[in-house]
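One-letter residues, chain by chain:
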Amino acid sequence: MEYGFIKKLILISICAFLLCACGKNKETVVVSKDIKNYAYSQELDKCGITELCEYSLSDKLSDIVAKSKYVIDEEQVSNYSIGIVDNYQYIAYMYGKSLEEYYTENMGLTKNEFYEKCYKEGIYDVKYIYTIGAIAHDKNISVSKEEYEKYLKEKEYSSNIDDVAKDRVVFLLVESKIKKLFKEGELNEEY
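Model, not experiment: these values are computed from the prediction. Along every chain, residues carry numbers that run from 1 in the direction the sequence is written. Restriction of local features to residues with pLDDT of at least 70 applies here, the model being predicted, together with a cutoff of 80 or more for giving and counting side-chain atom pairs; totals for whole chains, interfaces and linings are based on all residues. Just so you know, side-chain values use all the structure's heavy atoms and leave hydrogens and water out.

*Asks:* Please explain the packing of aromatic side chains as it appears in this structure.
*Replies:* Two aromatic rings are characterised by how far apart their centres lie and by the angle between their planes. Pairing of aromatic rings covers Phe, Tyr and Trp, the last through its six-membered ring, and needs centres within 6.5 Å; plane angles under 30 degrees mean stacked, over 60 mean edge-to-face, and all others mean tilted. Per the counting criterion, the structure on display carries nine aromatic pairs. For the pair Tyr 88 and Tyr 102, a centre-to-centre distance of 6.4 Å together with 35° between the ring planes defines the contact as tilted. Residue Tyr 88 is located in helix H4 (residues 74-94), and its partner Tyr 102 is located in helix H5 (residues 99-106); the two are separated by 14 residues in the primary sequence. Only protein chains enter the accessibility calculation, which uses a 1.4 Å probe; a residue whose area is less than 20% of its type maximum is buried, one above 50% is exposed, and one in between is partly exposed. Classification of Tyr 102 as buried rests on a relative accessible area of 10%. Here a set of aromatic residues connected by ring pairs shows up, and it is made of Tyr 88, Tyr 95, Tyr 102, Tyr 103, Phe 114 and Tyr 115. Counting from the N terminus, the helices are the DSSP runs of H or I reaching at least four residues and the strands are the DSSP runs of E reaching at least two.

*Asks:* Is there a simple way to think about the packing of helix H6 (residues 111-138) against helix H8 (residues 163-183) in this case?
*Replies:* Two measures define how a pair of helices packs: the angle their axes make with one another and the distance between the axes. Helix axes are fitted only over the stretch in contact, all axes being lines through C-alpha atoms; the angle between N-to-C directions runs from 0 to 180 degrees. Between H6 and H8, the shortest axis-to-axis distance is 10 Å and the interhelical angle comes to 70°. In this view, H6 runs roughly perpendicular relative to H8, as classed from their interaxial angle. Classified by chirality, the crossing of H8 by H6 is left-handed. Here Tyr 128, Ile 129, Ile 132, Ile 135 and Ala 136 of H6 come into contact with H8, specifically with Phe 171, Val 174, Glu 175, Ile 178, Lys 179 and Phe 182. Along the lines of polarity and charge, the residues of the contact of H6 with H8 split into nine nonpolar, no polar and two charged. Each angle is binned into one of four classes, with values under 35 degrees roughly parallel, values over 145 roughly antiparallel, values of 65 to 115 roughly perpendicular, and all other values oblique. Throughout, a crossing is termed right-handed when the near helix is turned clockwise from the far one, and left-handed when it is turned anticlockwise from it by less than a right angle. The contact definition used throughout considers only heavy atoms, calling two residues in contact when any of these lie within 4.5 Å. Amino acids outside the nonpolar list (Ala, Val, Leu, Ile, Met, Phe, Trp, Tyr, Cys, Pro) and the charged list (Asp, Glu, Lys, Arg) are all regarded as polar, and Gly is one of them.

Right, here's the structure in full:
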């Protein structure tokens, strides 16, 4: 990741927060805590800052994730947690600080608190993915080849992307369909 990209991520996060705080653009692109994810952030980057705002369906989905009970793969949680630590490392670098300086000075956390926070975020991320998968399975939500190719064309992505990126694109499309169902009232917190 480049320095300029991280700076833009932070600006997007701040602008999304300000838009929401001011009550503008309530029916636009949802920005969840996934903004820290590189692939998702590239997607948001193409949307433009003024289109970003978080709205209540994120909270509904977050409630479902928080209440969910899964047998979680510890290795998967560890991998996500390492990625979260890496993201904080990039942010610290942008501020010209070491990771330790960043989490103590900017976040007010001890080393143990910081790593516990990252681990809990990793658990949330894994549960979020499981929840999206469970809803997609239950509601028979899938992505057609046409939808996939249209998305790649709209976002100006190469059709020769690796398998991880392909999976991420499919996940984003399924996630978008699920969020649309929440918005239209076809899904609720009691899902």
